[in-house]
Amino acid sequence: MTAYPDDVIVELERRANLIRRHIIRMTRAAGSGHPGGSLSSTDILSALYFKVMHHRPTDPSWEDRDRFVLSKGHAAPAYYAALAESGYFPVEELLSLRKLGSRLQGHPSKSKLPGVEMSTGSLGQGLSVANGMALAAKLDRRAYRIYCLCGDGEMQSGQIWEAAMLGAHYELDNITAFLDRNKLQIDGPTEKIMSLEPLADKWKAFGWHVIEIDGHNMREILDACDKAKEVRNRPTMVLAHTVKGKGVSFMENALSFHGKSPNDEETKKALRELGEDI
Amino acid sequence: MKWTYASQRKEYGRALVELGKSRKDVVVLDADLSGSTRTADFAKEFPEHFFNCGIAEQNMMGVAAGLAASGKVVFASTFAVFATGRCWDQIRQSIAYPKLNVKICATHAGITVGGDGASHQTGEDVALMRTLPNFTVGVPSDAAEAFKMTKAFADWNGPCYMRMGRLDFPNVTEWDAPFKIGKGCVLRQGDDITLMGCGIMVSRCLEAAEVLERRNVSAQVINMSAIKPLDEGLVAAAVKKTGGIVTAEEHNVVSGMGAAVASYLAEHDPVPMRMVGMMDTFGESGEGEELMRKYGLTADRIIEAAEEVMRRR
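Residues numbered from 1 in each chain as written. Chains lettered and ligands numbered in written order. Predicted model: local features only at pLDDT ≥ 70, side-chain atom pairs only at ≥ 80, totals over all residues. Heavy atoms only, no water.

**Student:** With reference to specific residues and values, describe the overall build of chain B.
**Tutor:** Looking only at helices and strands, chain B has 13 helices and 14 strands in total. Since a compact globule built from 313 residues should have a radius of gyration of about 20 Å, the 19 Å found for chain B is in line with a globular shape. When the backbone C-alpha atoms are referred to their principal axes, chain B occupies close to 60 × 40 × 35 Å. Per element, the accessible surface of chain B, about 11,600 Å² overall, is 48% carbon and sulfur. Separation of charge centres in chain B, based on 35 positive and 39 negative side chains, amounts to 3 Å. (Helix = DSSP H or I, 4+ residues; strand = E, 2+ residues; numbered from the N terminus. Rg over C-alpha atoms; globule rule 2.2 N^0.38 Å. Areas by Shrake-Rupley, 256 points an atom, 1.4 Å probe, with all protein chains shown as cover. Lys, Arg positive; Asp, Glu negative; His and termini not counted. Charge placed at Lys NZ, Arg CZ, Asp CG, Glu CD.)

**Student:** So what's going on with the sheet that holds strand 11 (residues 219-223) of chain B? Which residues, and what values?
**Tutor:** Residue and element names in this part refer to chain B. With mixed pairing, 5 strands are arranged side by side in an open sheet as 9-11-10-13-14. With partners counted over all chains shown, the strands left at the sheet margins are strand 9 (185-188) and strand 14 (273-278), one partner each. Each adjacent strand pair in this sheet contributes to an overall mean axis angle of 25 degrees, direction not counted. Note: strand 13 (residues 245-252) against strand 14, 5 bridges, orientation parallel. Across the sheet, the residue bridging to alanine 248 is valine 276, located in strand 14. Along the sheet, helix 10 (residues 232-242) contacts strand 9, strand 10 (193-197), strand 11 and strand 13; its crossing angle with strand 11, the most-contacted strand, is approximately 175 degrees. (Pairing = 2+ DSSP bridges. Axes fitted to C-alpha atoms, helices over the stretch in contact; angles between N-to-C directions. Contact = heavy atoms within 4.5 Å.)

**Student:** For helix 13 (residues 299-312) of chain B, give the residues involved together with the corresponding values.
**Tutor:** Residue and element names in this part refer to chain B. A rise of 1.5 Å per residue sets the reference length of helix 13, with its 14 residues, at 20 Å; its end C-alpha atoms lie 20 Å apart and thus fit the reference within 8%. Those residues of helix 13 that fall on the buried side of the exposure criterion are Ala299, Ile302, Ile303, Ala305, Ala306, Val309 and Met310. Projected down its long axis, helix 13 carries its buried residues within an arc of 165 degrees, all on one side. Exposed residues pointing more than 90 degrees away from the buried face of helix 13 are listed as Asp300 and Arg311. Packing partners of the buried residues in helix 13 comprise strand 10, helix 9 (201-214), strand 13 and strand 14. (Expected span 1.5 Å × (residues − 1). Buried < 20%, exposed > 50% of the residue type's maximum accessible area, 1.4 Å probe, protein only. Arc of directions from axis to C-beta.)

**Student:** Please provide a residue-by-residue account of the state of the cysteines, values included.
**Tutor:** The tally for this structure, following the rule as stated, stands at 0 disulfides over all chains. Looking at cysteine 160 of chain B, it has no disulfide partner, and the nearest cysteine sulfur is the one in cysteine 105 of chain B, 7.8 Å off. (Disulfide = S-S within 2.5 Å.)

**Student:** Talk me through the packing of helix 10 of chain B against helix 11 (residues 257-268) of chain B; I want residue IDs and the actual numbers.
**Tutor:** Helix packing for two helices is described by the angle between their axes and how far apart those axes are. Residue and element names in this part refer to chain B. As a packed pair, helix 10 and helix 11 sit with axes 11 Å apart at the nearest point and diverge in direction by 65 degrees. It follows that helix 10 is roughly perpendicular to helix 11 by the angle criterion. Helix-helix and strand crossings are classified by hand; for helix 10 and helix 11 the assignment is right-handed. Residue-level contacts link Glu232, Val235, Ala236 and Val239 of helix 10 to Val261, Tyr264 and Leu265 of helix 11. A per-class count over the contact of helix 10 with helix 11 returns 6 nonpolar, no polar and 1 charged. (Parallel < 35°, antiparallel > 145°, perpendicular 65-115°, else oblique. Left-handed = near helix turned anticlockwise from the far one by under 90°. Nonpolar A, V, L, I, M, F, W, Y, C, P; charged D, E, K, R; others polar.)

**Student:** Please set out the interface of chain B and chain A residue by residue, giving values where relevant.
**Tutor:** At the junction of the two partners, chain B supplies 25 residues and chain A supplies 28 residues. A combined buried area of about 2,200 Å² lies between chain B and chain A, and 55% of that area is made up of carbon and sulfur atoms. Considering only the surface of chain B that becomes buried against chain A, Asn59, Gln93 and Tyr97 of chain B emerge as the three largest contributors, covering 25% of it. One can count 2 salt bridges joining chain B with chain A. For the salt bridge of aspartate 140 of chain A with lysine 72 of chain B, the shortest nitrogen-to-oxygen distance reads 2.5 Å. Our enumeration of links across chain B and chain A arrives at 15 residue pairs in polar contact (both at pLDDT 80 or more). (Buried area = accessible area lost by both parts, 1.4 Å probe. Salt bridge = Lys/Arg side-chain N within 4 Å of Asp/Glu carboxyl O. Polar contact = N/O pair within 3.5 Å; in protein donor to acceptor, adjacent residues only side chain to side chain.)

**Student:** Can you explain the sheet that holds strand 6 (residues 136-138) of chain B? Please cite residues and give values.
**Tutor:** All names here are of chain B. Strands sit in the order 3-2-4-5-7-6-12 across an open sheet of 7 strands; the sheet is mixed. Only two strands of the sheet have a single neighbouring strand rather than two, namely strand 3 (50-52) and strand 12 (226-228). Recorded for the sheet is a direction-independent mean angle of 20 degrees between the axes of neighbouring strands. Of the strand pairs in this sheet, strand 5 (residues 102-106) and strand 7 (residues 160-163) are connected by 4 bridges, and their pairing is parallel. From the neighbouring strand, isoleucine 104 faces strand 7, where its bridge partner is tyrosine 161. In this fold helix 1 (residues 8-22) packs onto strand 2 (26-30), strand 4 (73-77), strand 5 and strand 7, with an angle of close to 155 degrees to the strand it touches most, strand 4.

**Student:** Could you give me a rundown of unusual backbone geometry, with the residues and numbers involved?
**Tutor:** That bond from glutamate 197 of chain A to proline 198 of chain A is cis: its omega, 5 degrees, falls within 30 degrees of zero. Relative to the elements of secondary structure, proline 198 of chain A occurs in the loop between helix 6 (190-193) and helix 7 (199-205). Between lysine 228 of chain B and proline 229 of chain B the backbone carries a cis peptide bond, its omega angle lying at -5 degrees. With a phi close to 70 degrees, serine 255 of chain B is a non-glycine residue in the positive phi region. Note that serine 255 of chain B resides in the loop between strand 13 and helix 11.

**Student:** Tell me about the environment of leucine 100 of chain A, and please be specific about residues and values.
**Tutor:** Residues and elements named next belong to chain A. Residue placement: leucine 100 occurs in the loop between helix 3 (76-86) and helix 4 (126-139). According to the relative accessible area criterion, leucine 100 is exposed, its value standing at 91%. The spacing of leucine 100 and alanine 143 is 43 residues in sequence and 39 Å in space, taken between C-alpha atoms.

**Student:** Explain the environment of aspartate 6 of chain A residue by residue, including any values.
**Tutor:** Residue and element names in this part refer to chain A. In this fold, aspartate 6 is placed in helix 1 (residues 6-30). Taking the relative accessible area as the measure of exposure, aspartate 6 reaches 54% and is therefore exposed. Put simply, aspartate 6 and arginine 219 are 213 residues apart on the chain and 9.3 Å apart in space, counted from C-alpha to C-alpha.

This is the structure we're talking about:
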């Protein structure tokens, strides 16, 4: 196991903070979008795009790149910010989110934006796609890995469990999936709307290797990714405990910011909290 | 008419095996019906390139998308009712929208599934698939055409849907006849009325044309296996020549091939028209041929429709 030096962790946290500021500005400019679930995913995305994944932003179709599927497509603002900060497209374009003619659709579109591996948005489908990519990698005897970020709400859809079965059945140990367990969905707490627990036991019972982490602890995210690479004959589900709206005090655990953008005042306050000098 | 019969499914399986021999990028998926869809023939020859996804069609379509996004040409098969209705959103979101190279080749379509009854029959699959942007939709008229369409799909860039039947179909085309995606073909020349069929109903159109000939009506018969893109040029030429048209399909008349033809004609060249097909109803258990008679998928019904169209012309 790599012991990551502090400066690596600090840099990834700095990038995560940058993504958080983008999320606030983007959803403000769009007047809509999903800041809550974007902010809970941010640290995972920062670790993946700036440290874990092998990818070439200037050559998005490089054959040996690791693949990433954003199954929870509504976290598009965080995803786009990570892609732009990686160099897939100009950072200035982020503010075109949801605008007519923009490549930054409300939910990711593969055919519009370089770096987007799969169009998502209709929940519950991304893990199946990751399965297909993982089967292709095995067929071609290539070493690249498939990363997939799922939301907890979409664990309620049957297709997720169909995908869970197939991943285990075909021993797809080249998949590292994340479950962004922020415990809230649009209508309320997941356990009130449609109980999901015990999630770790369910994934274990379906034959997956499960690692539970604090999804905002950079060191734990990196360690989980390293451990997943060592697992043989089983896919890995990283059950990441997160906070919806993480990083902005009044958005944390606030249902209202699932699918609502901040107003001008909230935007200023949020950016100030995130350390922006305004 | 004296027909010889052949199985579309068998020819589909044979085409897949041929593809497997010549190309390394072909991958085949099934959802626990590989014996019936004949993808098992491919699985036997190329086990590494075949994945049974179990009774989980939604996941299968996502897996197909992931494979296609990784450069594979993916054939995904199961019964038509499950291949389309059960996983329509997955097809829409993960295959049609990103325009991926997935070929959904479904069998046991229509009412001729027979004894399994309405739960396993489908008169809606063509409607569901042709409404999806980016999709190519074909309904082969016989076994030879199913073989050729399979091969053509493999070379076509983008998502495709092909519907096949369970029963052996009458052979209505020649093995050496050319086949091109988006192109129908004239099987019988005629001046008085156009009979346009797809799938098994092409044979019924040919039977109807023979009867009509004895009544001194010269009917042109067209095999419209190209549902989307529709062979509009052929439709236009046909109605220019005959001034009236009857479509026939083993599918609900709501949004099937006939409706595609009607949309085109309404906009470009309105002529008297009738559609023969399932009249917005579910089927039931029975023998395939019995069901076709009971639900009006017959040469007699096509003849009645043709005579009515000619009166209105």
